[in-house]
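These are the residues of each chain, in order.
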Amino acid sequence: AQTVTQSQPEMSVQEAETVTLSCTYDTSESDYYLFWYKQPPSRQMILVIRQEAYKQQNATENRFSVNFQKAAKSFSLKISDSQLGDAAMYFCAYRRRRGAQGGSEKLVFGKGTKLTVNP
Amino acid sequence: DTAVSQTPKYLVTQMGNDKSIKCEQNLGHDTMYWYKQDSKKFLKIMFSYNNKELIINETVPNRFSPKSPDKAHLNLHINSLELGDSAVYFCASSQLDRGYVVGELFFGEGSRLTVL
């Protein structure tokens, strides 16, 4: 079974600085997606960034970028120029592209990292 | 115009009661999910439906029964509520393309269930 591990239960960063959140995963598949979701206190799950495993280029979305190391099964999230609004729980998630029955495929989450941004 | 909407957003009830949470998506997706987030924020899948057919049924007590009247709706009914059922329940949807996952899950705002 696929597993996702986030080894940092909590992280903090000063406003305007850079922080990196770690994620590793375990899978025998070669075709999959990786995601970072953000959950602010409002509890809404917001997609931050997405990476397709077949793409070697690391995904970026404005201040958010990933370091995807497929061989090492590592998928870290870097937040640059941190803002107070970045404070949230961050979840790393994995999803195989094709289900065993060719049907629905679940998203497997890590346990999350709580990010605090200090003014 | 909310893409995935759940009702109610908050639910407080007594042990032993029966309650339902409704979910609707207007994204045209063919797959819908229920996830449970416990007090430690861990998110775990409960069920998944693809075009009204149950595809994923994790180890969930029989007291939980999902129902999908059409591919835009997925409801969750819980019988004989227990204290341990207190959690946030998230509905989500996504699209498949000929059996392959396309992109991410879109989540509703969650329904916080408190069992007293």
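Rules of the game
Residues numbered from 1 in each chain as written. Chains lettered and ligands numbered in written order. Predicted model: local features only at pLDDT ≥ 70, side-chain atom pairs only at ≥ 80, totals over all residues. Heavy atoms only, no water. Helix = DSSP H or I, 4+ residues; strand = E, 2+ residues; numbered from the N terminus. Rg over C-alpha atoms; globule rule 2.2 N^0.38 Å. Buried < 20%, exposed > 50% of the residue type's maximum accessible area, 1.4 Å probe, protein only. Contact = heavy atoms within 4.5 Å. Buried area = accessible area lost by both parts, 1.4 Å probe. Salt bridge = Lys/Arg side-chain N within 4 Å of Asp/Glu carboxyl O. Polar contact = N/O pair within 3.5 Å; in protein donor to acceptor, adjacent residues only side chain to side chain. Nonpolar A, V, L, I, M, F, W, Y, C, P; charged D, E, K, R; others polar. Disulfide = S-S within 2.5 Å.

> In this structure, what is going on with the overall build of chain B? I would like to understand it.
A count of helical and extended segments in chain B gives zero helices and eleven strands. Ordered by position from N to C terminus, the α and β elements of chain B give β-β-β-β-β-β-β-β-β-β-β. Rg of the C-alpha trace for chain B: 14 Å, near the compact-globule value of 13 Å for 116 residues, within the 12% margin. On the principal axes, the C-alpha backbone points of chain B span a range of 45 × 30 × 30 Å. Within chain B, the proportion of its 116 residues that are buried is 46%. Taking all contacts inside chain B whose residues are at least 6 apart in sequence as the whole, residues at least 24 apart take part in 55%.

> What is the right way to read the interface of chain B and chain A from this model?
Interfaces are frequently sized by the accessible area removed from exposure as the parts join. Contact with chain B, which involves 32 residues of that partner, is made by 27 residues of chain A. Here chain B and chain A share an interface that buries about 2500 Å² over both sides, 53% of which is from carbon and sulfur atoms. The interface formed by chain B and chain A contains two salt bridges. Between Glu104(B) and Arg50(A) there is a salt bridge, with the nearest N and O atoms lying 2.8 Å from each other. Where chain B packs against chain A, one counts eleven residue pairs in polar contact (both at pLDDT 80 or more). Counting residues per element, the side of chain B that touches chain A draws most heavily on strand 10 (residues 100-107) of chain B, which supplies seven residues. Residue composition of the side of chain B that touches chain A, by class: 16 nonpolar, nine polar and seven charged.

> Can you help me understand the side chain of Gln51(A) in this one?
Residues and elements named next belong to chain A. Within the secondary structure, Gln-51 sits in strand 6 (residues 46-52). Exposure remark for Gln-51: the relative accessible area of 1% places this residue in the buried category. A polar contact of 3.0 Å, which involves the side chain of Gln-51, links it to the backbone oxygen of Gln-57. A polar atom in the side chain of Gln-51 sits 2.9 Å from the backbone nitrogen of Ala-59. Contact partners of Gln-51, with chain neighbours within four places excluded, come to Tyr-32, Tyr-33, Leu-34, Gln-57, Asn-58, Ala-59, Val-66, Phe-68 and Phe-75.

> Before we go on, may I ask you to explain the state of the cysteines in this structure?
Each disulfide consists of a covalent bond between the sulfur atoms of two cysteine residues. Enumeration over the complete set of coordinates arrives at two disulfides over all chains. The side chain of Cys23(A) participates in a disulfide bridge whose partner is Cys92(A); the two sulfur atoms lie 2.0 Å from each other. Residues Cys23(A) and Cys92(A) share a disulfide whose torsion about the S-S bond is about -70°; that sign makes it left-handed. Taken together, the positions of Cys23(A) in the loop between strand 3 (19-21) and strand 4 (24-26) and Cys92(A) in strand 10 (residues 88-96) put the pair 69 residues apart, joining distant regions of the chain. Since its relative accessible area comes to 2%, Cys23(A) is described here as buried. The disulfide that involves Cys23(B) links it to Cys91(B), with 1.9 Å between the sulfurs. Taking the sign of the torsion about the S-S bond as the criterion, the disulfide between Cys23(B) and Cys91(B), at about -80°, is left-handed. Of this pair, Cys23(B) sits in strand 3 (residues 19-25) while Cys91(B) sits in strand 9 (residues 87-97), and the two are 68 residues apart along the sequence. Looking at Cys23(B), the relative accessible area reads 1%, which means it is buried. You can call Cys91(B) buried: its relative accessible area is 0%.

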